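Survey of secondary and tertiary structure
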Amino acid sequence: MTQDNSSSSETIAPSTRKSRNLLLIALAIGGALGLFLGLSDGAGNDILFSNAPISQTVALISIAVWLIIVPAISWLWWKSVDEHEANAYREGAMISAHLYLFIVPAWWFAARAGWLQAQDPMIVFMIVCGVWILVWAYRKYA
């Protein structure tokens, strides 16, 4: 184990350092992808938070990052976490998956009844991801 350079005098396991670094890399890639999407339309259109068409090049780069780089980092992170973090992650996944199972049909029924607009898959995706992250963080740090 090595000494952490933070203000704490605790030692940090190499696997913990690796999982933390991979998480930081994932955040950096997410931020870079968001910045890329935000800057990729020179006309000033909001392509990051809309359903407007995007160029094939932007789509290809985004898909490649999302389907190749992100899963690779996710897999490396998963292999480096300890049992406590893995359990926190699993619980977040289970709760968010159940949330998805309840939100999607209920929203669909409400939209068909005229109470809500039709679903935007990215809004549901962001809700599910947000709950997953919140549960994981709570279980990991609480």
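In this report, we go over the structure that sits alongside the text. Since this is a predicted model, take the numbers as computed values, not measurements.

So, about the side chain of S62. On the secondary structure map, S62 appears in helix α2 (residues 56-80). Residue contacts for S62: discarding those within four places in its chain leaves L33, F36 and L37.

Across all of its chains, the model carries seven aromatic pairs by this definition. With 5.0 Å between their ring centres and 55° between their planes, W77 and Y89 make a pair best called tilted. One end of the pair, W77, is in helix α2; the other, Y89, is in helix α3 (residues 83-112), and twelve residues separate them in sequence. A relative accessible area of 7% places W77 in the buried class. Pairing W108 with F109 gives two aromatic rings, centres 5.2 Å apart and planes at 55°, and the pair type is tilted. When its relative accessible area of 52% is taken as the criterion, F109 is described as exposed.

How each quantity is defined
- All residue numbers refer to position in the chain's written sequence, counted from 1.
- In keeping with the model being predicted, local features are shown solely for residues with a pLDDT of at least 70 and side-chain atom pairs are shown and tallied solely at 80 or more, while totals for entire chains, interfaces and linings include all residues.
- Derived side-chain values reflect all non-hydrogen atoms in the structure, with water molecules and hydrogen atoms excluded from consideration.
- Helical segments are the DSSP runs of H or I of at least four residues, strand segments are the runs of E of at least two, and each set is numbered from the N terminus.
- The contact rule is simple, with two residues in contact once any of their heavy atoms fall within 4.5 Å.
- Here a Phe, Tyr or Trp ring, Trp counted by its six-membered ring, pairs with any other such ring whose centre lies within 6.5 Å, and the pair is stacked when the planes are under 30 degrees apart, edge-to-face when over 60, and tilted otherwise.
- Accessibility here uses a 1.4 Å probe with only protein chains present; expressed as a share of the type maximum, an area under 20% marks a residue as buried, one over 50% as exposed, and anything in between as partly exposed.

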